[in-house]
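Residues per chain, in single letters:
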Amino acid sequence: MNTAELTAVCRQARRDIVNMLADAGSGHPGGSLSAVELMAAVYFTQLRIDPQNPTDPLRDRFVLSKGHAAPCLYAILAQKGFFAREELARLRKLHALLQGHPVMGIPGVEASTGSLGQGVSMATGMALGAKAQGLDVKVYTILGDGELQEGQVWEAAMAAAHYKLDNLTVIIDNNGLQIDGPNDEVMSLGNIAAKYTAFGFEVFELADGHDLDAIIKALDAPVHGRPKCILAHTVKGKGVSYMENQVGWHGKAPSDELRKQALAELADEEVSG
């Protein structure tokens, strides 16, 4: 898939995220919108997966460690053909397929996540299991930056480096904000790139975590004998002006009026793009 096609995937995903959350009346738009390019690039340029054979033992795996960004994951999975697009409108509804956080049983979802820190640990286990079985399987996971305040994240990092999991790619959605405010005010993360380097990762830092060419270049870069970390500096609420860099949009849904404004902005972006 070329960059223009992938850009179209991202635009559709953003529209779907806005509509899903407005229909549901709850959810997490900020961190879903910041992760769009990262997740789209993984799914459409890296993962060896088949919606018609979702349990293939040789499939690659993706784990959304920041599980509250489930709307982004669902928007991408729908475009990949794992389930009907009509399911998106039923997000968070009683007896619906799509829950507020990813759960096993949803086609394409590899792990139930939401308790922060656990997803990257499961991804590390999947990568280790593949290595132990001699399988050519790659594992990708996306973490939020606030999630790095969880000690379990660093236990997973230590294990991944110890076992030389060069089939594991850890992607940090570094948008600078978490539910209680800016990361630096809640619990400073320090130099994330230096920390992952010290833990034994090959680190690729992206100044613009929405630059698809830069993301794909980092994903494609070969590593040997160590896990990869992609530290992507992103914008929370990317693509919707009133949400961008606003901590208040971490976990609330837009009203119908704000939905219309967001969709109009995203439509204008498509025309200008």
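The shown structure was predicted, so the numbers you read here are calculated from the model rather than taken from an experiment.

**A look at the side chain of Asn175**
Reasoning step 1: With respect to the helices, strands and loops of the structure, Asn175 is situated in the loop between strand E3 (168-174) and strand E4 (177-178).
Reasoning step 2: On the basis of relative accessibility, which here comes to 7%, the residue Asn175 falls in the buried class.
Reasoning step 3: Engagement of the side chain of Asn175 in a polar contact is seen with the side chain of Ser34, the distance being 3.2 Å.
Reasoning step 4: Beyond its immediate stretch of four places on either side in the chain, Asn175 contacts Gly31, Ser34, Lys66, Asp145, Thr234, Val235 and Lys236.

**Remarks on the pattern of salt bridges**
Reasoning step 1: The tally for this structure, following the rule as stated, stands at 11 salt bridges.
Reasoning step 2: Here Arg48 and Asp136 are joined by a salt bridge, their closest N and O atoms 3.6 Å apart. Of this pair, Arg48 sits in the loop between helix H3 (36-45) and strand E1 (61-64) while Asp136 sits in the loop between helix H5 (118-132) and strand E2 (139-144); the two residues are 88 residues apart in sequence, bridging distant segments of the chain.
Reasoning step 3: Judged by relative accessible area, Arg48 falls into the partly exposed class, the value being 39%.

**Considerations on unusual backbone geometry**
Reasoning step 1: Here Arg92, not a glycine, exhibits a phi torsion of approximately 65 degrees, which is positive.
Reasoning step 2: Its place among the elements puts Arg92 in the loop between helix H4 (70-80) and H5.
Reasoning step 3: Phi at Asn245 takes a positive value of approximately 60 degrees, unusual for a residue other than glycine.

**Things to note about the nonpolar core**
Reasoning step 1: Core analysis: the biggest nonpolar cluster contains 55 residues, and Met39, Tyr43, Phe62, Tyr74 and Phe83 have the highest contact counts within it.
Reasoning step 2: Of all the elements in the fold, those that place two or more residues in this core are helix H1 (3-24), H3, E1, H4, E2, helix H9 (212-220), strand E7 (228-233) and helix H10 (256-272).
Reasoning step 3: The residues contacting Tyr74, other than those within four sequence positions of it, are Met20, Phe83, Leu88, Leu91, Leu98, Gln99, His101, Pro102 and Ile106.
Reasoning step 4: One finds Ala156, Ala157, Ile172 and Ile192 within the second-largest nonpolar core, a separate group that totals 26 residues.

**Quick notes on the packing of aromatic side chains**
Reasoning step 1: As enumerated under the stated definition, the model contains five aromatic pairs in all.
Reasoning step 2: Plain terms: the ring middles of Trp154 and Phe199 are 5.1 Å apart, the flat faces sit at 40 degrees to each other, and that makes the pair tilted. With Trp154 in helix H6 (residues 151-162) and Phe199 in the loop between helix H8 (192-198) and strand E6 (202-206), this residue pair connects regions lying 45 residues apart in the sequence.
Reasoning step 3: Among the residues examined, Phe199 registers a relative accessible area of 29% and is labelled partly exposed.
Reasoning step 4: Through a chain of ring-to-ring contacts, the aromatic side chains of Trp154, Tyr196, Phe199 and Phe201 assemble into a single cluster.
Reasoning step 5: The ring of Phe204 carries Lys228 above its face, with NZ or CZ at 5.3 Å from the centroid.
Reasoning step 6: The ring of Trp249 has Lys252 lying over it, and the distance from NZ or CZ to the ring centre is 4.5 Å.

Definitions and limits used
- Residues numbered from 1 in each chain as written.
- Predicted model: local features only at pLDDT ≥ 70, side-chain atom pairs only at ≥ 80, totals over all residues.
- Heavy atoms only, no water.
- Helix = DSSP H or I, 4+ residues; strand = E, 2+ residues; numbered from the N terminus.
- Buried < 20%, exposed > 50% of the residue type's maximum accessible area, 1.4 Å probe, protein only.
- Polar contact = N/O pair within 3.5 Å; in protein donor to acceptor, adjacent residues only side chain to side chain.
- Contact = heavy atoms within 4.5 Å.
- Salt bridge = Lys/Arg side-chain N within 4 Å of Asp/Glu carboxyl O.
- Core = buried A, V, L, I, M, F, W, Y, C linked by side-chain atoms within 4.5 Å.
- Phe/Tyr/Trp six-rings, centres within 6.5 Å; stacked < 30°, edge-to-face > 60°.
- Lys NZ or Arg CZ within 6 Å of the ring centre and 35° of its normal.

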